[in-house]
Amino acid sequence: MAAMIDTRDELHADALQRLDHHYQSMPPVAAMQVGIAGYDGRALRLHAPLAAHVNDKGCAFGGSLASMMTLASWGLVSLQLEAAGLQADVYVADSQVRYLAPLFTDLDVEARFGEDADPASFVATLRERGRARIQLAASARLPDGGLATTFNGRYVAIART
């Protein structure tokens, strides 16, 4: 699926195209038909059609929701590091997912840095120590704006040498 990148923001357009290419180069992610729906420097939104993720009840498969929130969070960290001019491998260290309500529409997820996360300190720590960690939060919303699923994860970046 081609990225749905808002190219009005030329500052991020190239980075988003590189991120989308990276997503599409991973066969499981390409099969999920994940596309980038938006990025404002603080949050990354991904979209995928329900038809590619439907379960036996006709709603979104829980594993797909967890995967998309993991990918959105990973992508947000990766974009932050690229903006800082750093090259690092980013890993999810641990995460918690809560399924609050079934989602019967396309999957739209958004990732943000956690409430206590400080992206500037994260970048500074990576520069200084070659390794840093940061908390992220993501969610999938219902059509009425309520929460279908929430995700909290800790990500680790290790500088490439």
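Refer to the structure presented above.
Throughout what follows, the structure given in this document is the object of discussion. These numbers were taken from a predicted model, which means no experiment stands behind them. (Residues numbered from 1 in each chain as written. Predicted model: local features only at pLDDT ≥ 70, side-chain atom pairs only at ≥ 80, totals over all residues. Heavy atoms only, no water.)

### Focus on the sheet that holds strand 2 (residues 43-48)
For clarity, the cut-off: DSSP-based pairing: two strands are paired if at least 2 bridges between them are found. Each helix is a run of DSSP H or I of at least 4 residues and each strand a run of E of at least 2, with the numbering of both proceeding from the N terminus. Think of each axis as a best-fit line through the C-alpha atoms, taken over the contacting stretch in the case of a helix, with angles from 0 to 180 degrees between the N-to-C directions.
Ordered by their spatial adjacency, 6 strands build an open sheet running 1-2-4-5-6-3, and the pairing between neighbours is antiparallel. Two strands bound the open sheet, and with one partner strand each, they are strand 1 (35-39) and strand 3 (88-99). The sheet shows a mean angle of 25° between the axes of neighbouring strands, direction not considered. Pairing of strand 3 with strand 6 (residues 147-159), which is carried by 11 bridges, proceeds in the antiparallel orientation.

### Notes on the layout of surface pockets
What counts here: Residues are called lining when one of their atoms sits within 4 Å of a cavity or pocket point, these points coming from a 1 Å grid over the protein atoms alone, where a cavity is a set in which a 1.4 Å probe fits but cannot get out and a pocket is an open set with protein on both sides within 12 Å along at least five of seven lines. Grid points are joined across faces, edges and corners, and a volume is the space filled by probe spheres set on the points. In the scheme used here, Gly and all other residues not listed as nonpolar or charged are polar, with Ala, Val, Leu, Ile, Met, Phe, Trp, Tyr, Cys and Pro taken as nonpolar and Asp, Glu, Lys and Arg as charged.
Taken as a whole, the largest pocket holds about 380 Å³ of empty space. Residue lining of the largest pocket: 15 residues in total, with Trp74, Ser78, Glu82, Ala88 and Arg160 positioned closest to the centre. For the lining of the largest pocket, the secondary structure elements donating two or more residues are helix 1 (10-24), helix 3 (62-83) and strand 3. Here the lining of the largest pocket gets 5 residues from one element, more than from any other, and that element is helix 3. Residue composition of the lining of the largest pocket, grouped by class: 8 nonpolar, 3 polar and 4 charged.

### Considering helix 3
Quick reminder of the rule: Multiply 1.5 Å by the residue count of a helix minus one, and that product is the helix's expected span. Three labels apply to residues, based on accessible area from a 1.4 Å probe with only protein chains included: buried if under 20% of the type maximum, exposed if over 50%, partly exposed otherwise in between.
Between its terminal C-alpha atoms helix 3 stretches 32 Å, which fits the 32 Å expected from 22 residues at 1.5 Å a residue. By the criterion of burial, helix 3 is predominantly enclosed, with 16 of the 22 residues buried. Looking one or two residues past helix 3, glycine 85 carries a phi angle of roughly 75°, positive in sign.

### Observations concerning the nonpolar core
Among soluble globular proteins, nonpolar side chains are generally buried collectively. Applicable threshold: The criterion is simple. A nonpolar core is a set of buried Ala, Val, Leu, Ile, Met, Phe, Trp, Tyr and Cys residues joined through side-chain atoms within 4.5 Å.
With 45 residues, the main nonpolar core has Tyr23, Leu44, Leu46, Val77 and Leu81 as its most contacted residues. For this core, the element with the most residues is helix 3, which contributes 10 residues.

### With respect to the packing of helix 3 against helix 4 (residues 119-129)
As a reminder, the rule being used: Oblique is the label for any angle not under 35 degrees, not over 145, and not in the 65 to 115 range, which are roughly parallel, roughly antiparallel and roughly perpendicular in turn. A clockwise turn of the near helix away from the far one marks a right-handed crossing, whereas an anticlockwise turn of less than a right angle marks a left-handed crossing. Pairs of residues are marked as contacts when any of their non-hydrogen atoms sit within 4.5 Å.
For the pair helix 3 and helix 4, the least separation of the axes is 11 Å and the interaxial angle reads 65°. By the criterion of interaxial angle, the relationship of helix 3 to helix 4 is roughly perpendicular. By crossing handedness, the relation of helix 3 to helix 4 is classed as right-handed. Residues Val77, Gln80 and Leu81 of helix 3 touch helix 4, and the partners they reach there are Pro119, Phe122, Val123 and Leu126. Its residues assigned to classes, the contact of helix 3 with helix 4 shows 6 nonpolar, 1 polar and no charged.

### Some words on the pairing of strand 2
Taken across its 6 residues, strand 2 has 5 buried, putting it largely inside the fold. In the sheet, strand 1 pairs with strand 2 via 4 bridges, with the strands oriented antiparallel. Looking at the pairing, tyrosine 39 lines up with leucine 44 of strand 2. Hairpin geometry of strand 1 and strand 2 is characterised by an intervening segment of 3 residues between the two adjacent antiparallel strands and by a positive phi of about 95° at glycine 41. Direction of pairing for strand 2 relative to strand 4 (residues 107-113): antiparallel, over a ladder of 6 bridges. Opposite arginine 45, over in strand 4, you have glutamate 110 as the bridge partner.

### Things to note about unusual backbone geometry
Of note, glutamine 33 is a non-glycine position whose phi angle comes to about 60°, a positive value. According to the relative accessible area criterion, glutamine 33 is partly exposed, its value standing at 35%.

### Things to note about the packing of aromatic side chains
Each aromatic ring pair is described using two quantities: the centre-to-centre distance and the angle formed by the ring planes. We apply this condition: Side-chain rings of Phe, Tyr and Trp (the six-membered ring for Trp) are treated as a pair once their centres are within 6.5 Å; stacked means planes under 30 degrees apart, edge-to-face means over 60, and tilted covers the remaining angles.
For the coordinates displayed, the defined rule picks out 1 aromatic pair. Measuring from ring centre to ring centre gives 6.1 Å for tyrosine 23 and tryptophan 74, while their planes differ by 45°; the resulting arrangement is tilted. Note that tyrosine 23 is positioned in helix 1 and tryptophan 74 in helix 3, a separation of 51 residues in sequence.

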